[in-house]
Amino acid sequence: AIASDPRQGPPRSIDSARTDLLWLVGLAAMGVLLRLVFLPSYLDNHDSVNFALALDGFDLAHARPHFPGYPVYVFVARIFHDLGAPAPIALTLPGALLSGLATAALYWLLRPTLPRLAAVAITALYAFAPGIWVTDLKALSDGLGLHLFTLCLIGVMANRPRLVPLTALGLGLLVGVRASLLPL
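Residues numbered from 1 in each chain as written. Predicted model: local features only at pLDDT ≥ 70, side-chain atom pairs only at ≥ 80, totals over all residues. Heavy atoms only, no water.

K.L.:
So what exactly am I meant to see when it comes to the overall build of the chain here?
P.N.:
Along the chain, the regular secondary structure elements total 8 helices and 2 strands. Sequence-ordered secondary structure for the chain, helices as α and strands as β, is β-β-α-α-α-α-α-α-α-α. Seen through its principal axes, the chain has C-alpha atoms that stretch 60 × 35 × 25 Å. When each of the 184 residues of the chain is scored for burial, the buried share is 42%. For the chain, the accessible surface area stands at approximately 9800 Å², while carbon and sulfur atoms represent 72% of it. Within the chain, one finds 12 positive and 10 negative side-chain charges whose respective centroids are separated by 11 Å. (Helix = DSSP H or I, 4+ residues; strand = E, 2+ residues; numbered from the N terminus. Buried < 20%, exposed > 50% of the residue type's maximum accessible area, 1.4 Å probe, protein only. Areas by Shrake-Rupley, 256 points an atom, 1.4 Å probe, with all protein chains shown as cover. Lys, Arg positive; Asp, Glu negative; His and termini not counted. Charge placed at Lys NZ, Arg CZ, Asp CG, Glu CD.)

K.L.:
Is there a simple way to explain the pattern of salt bridges in this structure?
P.N.:
Here the idea is simple: oppositely charged side chains can pair when their charged atoms come close. A full pass over the atoms with the stated rule returns 6 salt bridges. Here lysine 138 and aspartate 44 are joined by a salt bridge, their closest N and O atoms 3.0 Å apart. Here aspartate 44 lies in the loop between α1 (14-37) and α2 (46-56) and lysine 138 lies in the loop between α6 (130-136) and α7 (142-158), a separation of 94 residues in the sequence. For aspartate 142, the salt bridge identified is with arginine 178, shortest N-O distance 2.9 Å. Highlighted residues: aspartate 142 in helix α7 and arginine 178 in helix α8 (residues 164-178), separated in sequence by 36 residues. On the basis of relative accessibility, which here comes to 26%, the residue aspartate 142 falls in the partly exposed class. Residues participating in the shared-partner salt-bridge network are Asp20, Arg111 and Arg116. (Salt bridge = Lys/Arg side-chain N within 4 Å of Asp/Glu carboxyl O.)

K.L.:
Quick question: what am I supposed to make of α8 here?
P.N.:
Because an α-helix completes one turn every 3.6 residues, residues spaced three or four positions apart along the sequence face the same direction. Taking 1.5 Å per residue as the helical rise, α8 with its 15 residues ought to reach 21 Å, and the 20 Å between its terminal C-alpha atoms agrees with that figure. Among the residues making up α8, those that are buried are Thr167, Gly170, Leu174, Gly176 and Val177. On its buried face, α8 is in contact with α3 (71-82) and α7. (Expected span 1.5 Å × (residues − 1). Contact = heavy atoms within 4.5 Å.)

In structure tokens form, the structure reads like this:
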């Protein structure tokens, strides 16, 4: 059987689509699971401490957290904190979990135009690059911001009108996660 979409290039067999789905899910899940294994048990710098203080009470006047406040990041981390996660984990889970979605989206973007091996290699580099890995395991807004920015970039590069509202929403949220990434 053949699955075809005119925007996706040449038609691919259903077996090929299943293989791609297995790679997509496998890379994303492996990246997230390995991050979950190494979640921190302590706060490693003063900015992390400020974010942890904001989980119990957001107050910019008292540097809870430091300026500009990162309200979306604190809101998302507070959800995990309210569910019982200690501060270091609550602050790193958002980036660690979003890394899986960004990894899957990257493979989804690349696979129609690249051979499977190339798409797998590029996606694996994103999922397991040491710099990205370390960023995700710090109790800072950088990991969540990086993956949200990646998703927005993928939304733009996909060139699909139905993704425009989601990409715009992502860019709006990015202002509250890591505003310094917006000029990129």
